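Residue-level listing of the chains:
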Amino acid sequence: MNVQLSEKIQQLKKERNAIILAHNYQPGEIQDLADFTGDSLALSVKAAGTEADVIVFCGVRFMAETAAILSPGKTVLLPDKHAGCPLADMITAEQLRELKRNHPDAAAVCYVNSSAEVKAESDYCCTSSNAIEVVESLPGNKEIIFVPDQHLGRFVSEKTGREMILWPGYCATHAAITEDDIKNARTAYPDAVVMAHPECTEPVKKLSDQILSTGQMLKYARQSEAKRFIVATETGIIHTLKKENPGKEFFPASKRAVCPNMKRITLEKVLWSLEDMHYQVIVPEQIRTRAKNALDRMVKVLPASPDSRQASRGGPTK
Ligand code: 13P
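This text gives an overview of the structure that appears in the document. (Residues numbered from 1 in each chain as written. Predicted model: local features only at pLDDT ≥ 70, side-chain atom pairs only at ≥ 80, totals over all residues. Heavy atoms only, no water.)

From N to C terminus, the protein chain includes 15 helices and 12 strands. Here the protein chain holds 318 residues, and 58% of them are scored as buried. Considering only contacts within the protein chain whose residues lie at least 6 apart along the sequence, 64% involve residues at least 24 apart. Approximately 13200 Å² of the protein chain is accessible, and the part contributed by carbon and sulfur atoms is 48%. Between the centroid of the 40 positive side chains of the protein chain and the centroid of its 40 negative side chains there is a distance of 2 Å. (Helix = DSSP H or I, 4+ residues; strand = E, 2+ residues; numbered from the N terminus. Buried < 20%, exposed > 50% of the residue type's maximum accessible area, 1.4 Å probe, protein only. Contact = heavy atoms within 4.5 Å. Areas by Shrake-Rupley, 256 points an atom, 1.4 Å probe, with all protein chains shown as cover. Lys, Arg positive; Asp, Glu negative; His and termini not counted. Charge placed at Lys NZ, Arg CZ, Asp CG, Glu CD.)

Right, here's the structure in full:
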């Protein structure tokens, strides 16, 4: 870590009454610098509850937008304005409206990896750590539209036994992890537990032992008796897995699983962001209030309040 840069950031953070939130996929030095690190759900809850005036969101745009939706009085900064999420961009609000027109009785559930406009068109939002609970909370006879991630959607459908109308979106970083990657990693480390994110493809999930959100992976690794783990998600999480579990070993399922958008955030950009108060993420009020309904309903479904390192409710799922 660049000590000088980090000191300057800490100083400015105090002056601005700012908090730094970082997703588990962020570069290691950003995770180390952050006040809170977590998965999408834990970060949403933190953003909604903080007393800071400024939230520097080290993640991608939809995460910063979620913070802006939940904390209207605060200034939310995204240190790189181009840090987007291609999965979130795979569906527009108009495309969702058309889907709803074709299924007028369906409830629309959107994955948090979606734009504020898509959230505003949705009845419920969910993250990978609570998608099953959100879908289970809907009446058994209710038709369900699930957007935009088809792989998470299929996983939830399988776990809940609910048929859902799926949008064909996907995360390119998770799609880069192949069946061969898992088979090769298992050959190299036959005693290792394979943890996969639900955004992975179905064949990859079938070959894995545990299907977990990033927060659930951190919890599972802490609690497991196993000593070796193959990690089928964005490789940034391995930084914290290693840090929290010095006696255990973690191997990426694929070195290609690197999200270029998450890696746009650097220490310099965090500093500039606090110096110049950019790039502010602003959600128009009429979109924000409707999007907030979907997020509020998601939070209501949850019996547990996740902490910054522990976003999972209950045990792992497969
Ligand atoms: P988590 O909620 O599991 O951290 O996932 C976030 C994400 O964007 C996965 O691509």
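So much for the structure itself; the text now carries on.
Once that is clear, we can look at the environment of Ile287. Tracing the sequence through the fold places Ile287 in helix α15 (residues 285–301). Separated by 171 residues in the primary sequence, Ile287 and Ala116 place their C-alpha atoms 6.8 Å from one another. Other than its neighbours up to four places away in sequence, Ile287 contacts Ala116, Glu117 and Ala120.

So, on to the site of the ligand. Neighbouring the ligand are 14 residues, the closest being His23, Ser128, His197, Glu199 and Thr214. For the ligand, an oxygen atom lies 2.8 Å from a polar atom in the side chain of His197. In the complex, 96% of the free accessible area of the ligand, which totals 310 Å², lies under the protein chains. Here the shell around the ligand is composed, by residue class, of four nonpolar, eight polar and two charged. (Near = heavy atom within 4 Å. Polar contact = N/O pair within 3.5 Å; in protein donor to acceptor, adjacent residues only side chain to side chain. Nonpolar A, V, L, I, M, F, W, Y, C, P; charged D, E, K, R; others polar.)

One pass over the full model with this rule turns up two aromatic pairs. Note on Tyr189 and Phe251: the rings are 3.6 Å apart at their centroids and 10° apart in plane angle, and the pair reads as stacked. Taken together, the positions of Tyr189 in the loop between α10 (179–188) and β9 (193–196) and Phe251 in strand β12 (residues 249–252) put the pair 62 residues apart, joining distant regions of the chain. Note on Phe229 and Phe250: the rings are 5.0 Å apart at their centroids and 15° apart in plane angle, and the pair reads as stacked. Remark: Phe250 occurs in strand β12 and Phe229 occurs in strand β11 (residues 228–232); sequence separation between them is 21 residues. In this structure, Arg297 is placed above the aromatic ring of Tyr124, and the distance from its NZ or CZ to the ring centre is 5.9 Å. (Phe/Tyr/Trp six-rings, centres within 6.5 Å; stacked < 30°, edge-to-face > 60°. Lys NZ or Arg CZ within 6 Å of the ring centre and 35° of its normal.)

Turning our eyes to something else, we now look at the nonpolar core. Among the nonpolar cores identified, the biggest contains 95 residues, and Val147 and Val270 are the most heavily contacted of them. Ranked by residue count, the leading element in this core is helix α4 (residues 61–70), at seven residues. Met195, Ala221, Phe229 and Phe250 belong to the second largest nonpolar core, which has 14 residues in total. (Core = buried A, V, L, I, M, F, W, Y, C linked by side-chain atoms within 4.5 Å.)

Right, let's get into the sheet that holds strand β3 (residues 54–58). Strand order in this open sheet of four strands is β2-β1-β3-β4, and the pairing throughout is parallel. Strand pairing shows two members of the sheet lacking a second neighbour, β2 (36–38) and β4 (75–77), which therefore form its edges. Sheet twist, expressed as the mean angle between neighbouring strand axes with direction ignored, is 20°. As defined by bridge partners, strand β1 (residues 18–23) adjoins β2 across three bridges and the pair is classed as parallel. Following the sheet pairing, Leu21 is matched in β2 by Phe36. (Pairing = 2+ DSSP bridges. Axes fitted to C-alpha atoms, helices over the stretch in contact; angles between N-to-C directions.)

Here we come to the environment of Glu98. Tracing the backbone shows Glu98 in helix α5 (residues 93–102). Looking at Glu98, the relative accessible area reads 44%, which means it is partly exposed. The sequence separation of Glu98 and Leu271 amounts to 173 residues, and the corresponding C-alpha distance is 42 Å.

Turning our eyes to something else, we now look at the packing of helix α12 (residues 214–223) against helix α13 (residues 237–244). Their axes nearest at 10 Å, the elements α12 and α13 cross at an angle of 25°. Considered as vectors, α12 and α13 are oriented roughly parallel to each other. Remark: the crossing between α12 and α13 carries right-handed chirality. Contacts from Thr214, Met217, Leu218, Ala221 and Arg222 of α12 reach α13 at Ile237, Thr240, Leu241 and Glu244. Residue classes in the contact of α12 with α13 are distributed as five nonpolar, two polar and two charged. (Parallel < 35°, antiparallel > 145°, perpendicular 65-115°, else oblique. Left-handed = near helix turned anticlockwise from the far one by under 90°.)

Counted under the stated rule, the structure contains zero disulfides. Unpaired in terms of disulfides, Cys125 finds its nearest cysteine sulfur in Cys110, a separation of 4.0 Å. A residue is classified by how much of its surface remains accessible, and Cys125, at 0% relative accessible area, is buried. Between Cys259, a free cysteine, and Cys171, which holds the nearest cysteine sulfur, the sulfur-to-sulfur gap is 6.6 Å. (Disulfide = S-S within 2.5 Å.)

This part covers the pairing of β11. With four of its five residues buried, β11 lies for the most part within the structure. With four bridges connecting them, β9 and β11 associate as parallel partners. Within β11, the residue paired with Met195 across the bridge is Val231. When β11 meets β12, the two strands line up parallel, connected through four bridges. Paired with Phe229 across the strands is Phe250, a residue of β12.

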